[in-house]
Amino acid sequence: MSHYYDQSPESEHNPGIVKARIGGVDLTFHTDAGVFSKNQLDFGTRLLIETVLEEVHQSGQPMHGSLLDLGCGYGPIGIAFKRRFPSLQVVMVDINSRAIELARENASENQIRYPDIRNGDGTSVLLEDERFDHVLTNPPVRAGKETVHAFFEGAYRHLKPGGSLYVVLQKKQGAPSARDKLTDLFGNCTILERKAGYHILKSTRLPMI
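These numbers come from a predicted model, not from an experiment.

About the thresholds
Residues numbered from 1 in each chain as written. Predicted model: local features only at pLDDT ≥ 70, side-chain atom pairs only at ≥ 80, totals over all residues. Heavy atoms only, no water. Pairing = 2+ DSSP bridges. Helix = DSSP H or I, 4+ residues; strand = E, 2+ residues; numbered from the N terminus. Axes fitted to C-alpha atoms, helices over the stretch in contact; angles between N-to-C directions. Contact = heavy atoms within 4.5 Å. Phe/Tyr/Trp six-rings, centres within 6.5 Å; stacked < 30°, edge-to-face > 60°. Buried < 20%, exposed > 50% of the residue type's maximum accessible area, 1.4 Å probe, protein only. Lys NZ or Arg CZ within 6 Å of the ring centre and 35° of its normal.

Engineer: Teacher, can you tell me more about the sheet that holds strand β9 (residues 198-204) here?
Structural biologist: Strands pair in a sheet through their backbones, by hydrogen bonds, and they do so in one of two ways: parallel or antiparallel. Spatially, the seven strands line up as an open sheet ordered β5-β4-β3-β6-β7-β9-β8, and their pairing is mixed. Both outer strands of the open sheet, β5 (116-119) and β8 (190-195), are each paired with one neighbouring strand and no more. Recorded for the sheet is a direction-independent mean angle of 15° between the axes of neighbouring strands. As judged from the seven bridges shared by strand β7 (residues 159-170) and β9, these two strands associate in the antiparallel manner. From the neighbouring strand, L169 faces β9, where its bridge partner is H199. Packing against the sheet, helix α1 (residues 43-59) makes contact with β6 (132-137), β7, β8 and β9, and its axis sits at approximately 45° to β9.

Engineer: Please clarify how the packing of aromatic side chains should be interpreted in this entry.
Structural biologist: Aromatic ring pairs: the centre-centre distance and the angle between the two ring planes describe each pair. Applying the stated criterion across every chain, the model contains three aromatic pairs. When the ring of F29 is compared with that of Y74, the centres are 5.8 Å apart and the planes differ by 50°; the resulting orientation is tilted. Of this pair, F29 sits in strand β2 (residues 25-31) while Y74 is found in the loop between β3 (66-70) and α2 (76-84), placing the two residues 45 residues apart along the sequence. In this pair, the class of F29 matches that of Y74, namely buried. Measuring from centroid to centroid gives 5.0 Å for Y156 and F186, while their planes differ by 85°, and the two rings are edge-to-face. Of this pair, Y156 sits in helix α4 (residues 145-158) while F186 sits in helix α5 (residues 175-186); the two residues are 30 residues apart in sequence, bridging distant segments of the chain. Among the residues examined, Y156 registers a relative accessible area of 26% and is labelled partly exposed. The class for F186 is buried, based on a relative accessible area of 4%. For R205, the ring lying beneath its charged end belongs to Y156, and the centroid distance is 4.3 Å.

Here it is as structure tokens:
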């Protein structure tokens, strides 16, 4: 059986279209069998985007610097933030080659110029010295806790001091244990939002003293 976290899904193609209004912007996404949340924008993904956008709004400043969409799927997180903040440097990565093809198509569909979209396992496709101000992820929980924790550890390594990781997880799929892991790794973890069984977690890489 093919899974959305496989490198090369073997599912028979079954193209689809998902339309979503995110942060006041109308977006269109091409989807297919063998990718995550083919038929609609995943609730957790939407909640993650909207929660971070609300935090940015409350700050009174536009999002700046660089953002890593870790496990981007067909691209809703990275594309939504690049559309909202065009000067933001956005990198999108996913192990699923079919998802990456769709993310590139969706970047073009939604007027994203010069997208930086990479096919590979987690942060392995990043340069050793690449650092980001923001990392957002809806991690592949069905790939197992080891994979999810590898996402957290990779995010920590590639965050700038003062940069933040934002994670969406369902409570029943391990949000409490993820919070423990993030607290051990970062020294901090805040629950920004709880809704319909989903938790939005935030951890910040503390500056070196």
